[in-house]
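# Architecture at a glance
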Amino acid sequence: MSRRIFYWAITSALAGFLFGFDTVVISGAEQRIQALWNLSAGVHGVALAAALYGTVIGSLSGAFPADRLGRKPTLLWVGALYIFSALGSAL
């Protein structure tokens, strides 16, 4: 097996692990979120699904800026957006 295939296999496995970890974190917090915000069943489903849909869309669209700008600038932008979204969530 070539190093490149091994690298991509490890990267894909880690991405799947992180997606599964996000799913577990969301499922552990979902009842608390529903009680805290008094969400109906439909709004509760949309609110929790939004996080998973966001990860899928981000995964699918992440190649475009990486191809145009390069990996390092793209990761810097992702980090900046992550900090911005964390601050927004905190507020």
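Going by the structure above, here's the rest.
Scope of this entry: the structure provided in the associated data block. As the structure is a computational prediction, the values presented were derived from the model and not from experiment. (Residues numbered from 1 in each chain as written. Predicted model: local features only at pLDDT ≥ 70, side-chain atom pairs only at ≥ 80, totals over all residues. Heavy atoms only, no water.)

### Notes on the packing of aromatic side chains
Taken as a whole and assessed by the stated rule, the structure comprises 1 aromatic pair. Between Tyr7 and Trp8 the ring centres are 5.3 Å apart and the planes differ by 70 degrees, which places this aromatic pair in the edge-to-face class. (Phe/Tyr/Trp six-rings, centres within 6.5 Å; stacked < 30°, edge-to-face > 60°.)

### Quick word on a nonpolar patch on the surface
A cluster of nonpolar side chains, Met1, Ile5, Phe6, Ile10 and Leu14, forms an exposed patch at the surface whose accessible area comes to about 590 Å². Residue classification places Ile10 among the partly exposed positions, given a relative accessible area of 42%. (Patch = residues over 30% accessible without salt bridge, like charges linked within 9 Å, V, L, I, M, F, W, Y side chains within 5 Å. Areas by Shrake-Rupley, 256 points an atom, 1.4 Å probe, with all protein chains shown as cover. Salt bridge = Lys/Arg side-chain N within 4 Å of Asp/Glu carboxyl O. Buried < 20%, exposed > 50% of the residue type's maximum accessible area, 1.4 Å probe, protein only.)

### Describing the side chain of Thr74
Structurally, the position occupied by Thr74 is in helix α4 (residues 71-90). Given the relative accessible area of 11%, Thr74 is considered buried. Not counting chain neighbours up to four residues away, the residues in contact with Thr74 comprise Pro65, Ala66 and Leu69. (Helix = DSSP H or I, 4+ residues; strand = E, 2+ residues; numbered from the N terminus. Contact = heavy atoms within 4.5 Å.)

### Description of the environment of Leu52
Assignment of secondary structure puts Leu52 in helix α2 (residues 41-61). Its relative accessible area of 24% is what places Leu52 among the partly exposed residues. Along the primary structure Leu52 and Asp22 are separated by 30 residues, whereas in three dimensions their C-alpha atoms are 7.8 Å apart. The contacts of Leu52, once residues within four sequence positions are left out, are Phe19, Thr23 and Ile26.

### Overview of α2
Taking 1.5 Å of rise per residue, 21 residues should cover 30 Å, and α2 covers 30 Å from first to last C-alpha, within 8% of that figure. Along α2, the sharpest kink reaches roughly 30 degrees, centred on Ala50. (Expected span 1.5 Å × (residues − 1). Bend = angle between axes of the 7 residues up to and from the residue.)

### Side note on the side chain of His44
Relative to the elements of secondary structure, His44 occurs in helix α2. In this structure His44 comes out as buried when scored by relative accessible area, which is 8%. Leaving out residues up to four positions away in the same chain, His44 has contacts with Glu30, Gln34 and Leu39.

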